[in-house]
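# Structural overview for review
Each chain, written out:
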Amino acid sequence: MLMNRTEKAAVDNPARRALQRFYEVPALLRLAGGPLPPGARAVEVGCGSGYGTRMILDRFRAAKVDALDLDPAMVIKARRRLTDRPGRVRLAVGDATDLKAAFGAEGGTYDAAFDFAIIHHIPDWRSAVAEIARVLKPGGVFVFDEVTAHALARPSYRKLFEHPEHDRFTAQEFLAELPRHGLAVTGAFTRISGDYLLGAARKQAPDRG
Ligand SMILES: C[S@@+](CC[C@H](N)C(=O)[O-])C[C@H]1O[C@@H](n2cnc3c(N)ncnc32)[C@H](O)[C@@H]1O
């Protein structure tokens, strides 16, 4: 589901970018065990205006990022923000639940996958988790920063923003879903009374037993 105008203003402004840069990204880097290995290839679902994509390149030190968003207007904004990174970013309009359609991504393509506050926008959020797990290499890291059902139920959120109404997840439900797709949580915490969940998980090697 696309953002409404109020949410676009709430997520794409200098205060949010400062929160991401000075608080969320350092916390996520700690949870993920530091920057990515040299040459790492990353995918970002729901890139919005592309600020998170910059963080993936500059702070997580991905060599290349494939970033997509369902909203063509967001992809245009991201393209403008990332013009100084030719050859390192591939942008597409597409759905996080089908990375094969957007990037031709086969199973085990990426060293890292990033979700900066987007999976709670997807009606069938479990299929987005499954798709992320599919495209990660064994040992690849899934970095997430999510908005929980607890936040979405707040009167302010309900009044100002538009999200799918049903089957939203608590932090516990999101964390419990990851191992069902072979993703082992390496660290996570919530902030603001469980409204936001930050964490990292690693794709397990297939069980050869
Ligand atoms: C709250 S915004 C976050 C944007 C950006 N990651 C950020 O942190 O600023 C959620 C984004 O997810 C996108 N989105 C919603 N559903 C999507 C889907 N199924 N696949 C890809 N992007 C989606 C929206 O268009 C929007 O840009």
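One structure accompanies this document, and this report is about it. (Residues numbered from 1 in each chain as written. Predicted model: local features only at pLDDT ≥ 70, side-chain atom pairs only at ≥ 80, totals over all residues. Heavy atoms only, no water.)

### Things to note about the sheet that holds strand E1 (residues 41-45)
Sheet architecture is open: 7 strands sit in the order E3-E2-E1-E4-E5-E7-E6, paired in mixed fashion. With one partner strand each, in any of the chains shown, strand E3 (89-93) and strand E6 (183-191) form the two edges of the open sheet. For this sheet, the mean inter-axis angle between neighbouring strands, taken without regard to orientation, is 15°. As paired strands, E1 and strand E2 (residues 64-69) are joined by 5 bridges and run parallel to one another. (Pairing = 2+ DSSP bridges. Helix = DSSP H or I, 4+ residues; strand = E, 2+ residues; numbered from the N terminus. Axes fitted to C-alpha atoms, helices over the stretch in contact; angles between N-to-C directions.)

### Thoughts on the packing of helix H2 (residues 14-32) against helix H3 (residues 51-58)
For the pair H2 and H3, the least separation of the axes is 11 Å and the interaxial angle reads 35°. Viewed along their axes, H2 and H3 form a crossing whose handedness is right-handed. Together, Arg17, Gln20, Arg21 and Val25 of H2 and Tyr51, Gly52 and Met55 of H3 make up the contact between the two elements. Grouping the amino acids of the contact of H2 with H3 by side-chain chemistry returns 3 nonpolar, 2 polar and 2 charged. (Left-handed = near helix turned anticlockwise from the far one by under 90°. Contact = heavy atoms within 4.5 Å. Nonpolar A, V, L, I, M, F, W, Y, C, P; charged D, E, K, R; others polar.)

### Comments concerning the packing of aromatic side chains
Counted according to the given criterion, the structure contains 8 aromatic pairs. Plain terms: the ring middles of Phe114 and Phe116 are 5.8 Å apart, the flat faces sit at 45° to each other, and that makes the pair tilted. By relative accessible area, Phe116 is classed as buried at 7%. Judged by centre distance (6.0 Å) and plane angle (25°), the ring pair of Trp125 and Phe174 falls under stacked. (Phe/Tyr/Trp six-rings, centres within 6.5 Å; stacked < 30°, edge-to-face > 60°. Buried < 20%, exposed > 50% of the residue type's maximum accessible area, 1.4 Å probe, protein only.)

### With respect to the site of the ligand
Every one of the 22 residues lining the ligand counts as a neighbour, but Arg16, Gly46, Asp69, Ala96 and Phe116 are closest to it. One nitrogen or oxygen atom from the main chain of Gly46 is found 2.7 Å from a nitrogen atom belonging to the ligand. Contact between the ligand and Ala96: a nitrogen atom at 2.9 Å from a main-chain N or O atom of the residue. At the level of elements, helix H1 (5-11) and H2 are the ones that each hand at least two residues to the shell around the ligand. Class assignment for the residues of the shell around the ligand results in 12 nonpolar, 5 polar and 5 charged. (Near = heavy atom within 4 Å. Polar contact = N/O pair within 3.5 Å; in protein donor to acceptor, adjacent residues only side chain to side chain.)

### A few points about the pattern of salt bridges
Enumeration over the complete set of coordinates arrives at 18 salt bridges. Lys137 serves as the salt-bridge partner of Asp111, at 3.1 Å between the closest nitrogen and oxygen. Of this pair, Asp111 sits in strand E4 (residues 110-116) while Lys137 sits in strand E5 (residues 136-147), placing them 26 residues apart in sequence. One continuous salt-bridge network, built from bridges that share partners, spans Asp12, Arg17, Lys77 and Arg81. (Salt bridge = Lys/Arg side-chain N within 4 Å of Asp/Glu carboxyl O.)

### Looking at the pairing of E6
As defined by bridge partners, E6 adjoins strand E7 (residues 196-203) across 8 bridges and the pair is classed as antiparallel. Bridging across to E7, Leu183 finds its partner in Lys203. Where E6 folds back on E7, the antiparallel hairpin that results is connected by 4 residues, among which Ile192 adopts a positive phi of roughly 50°.

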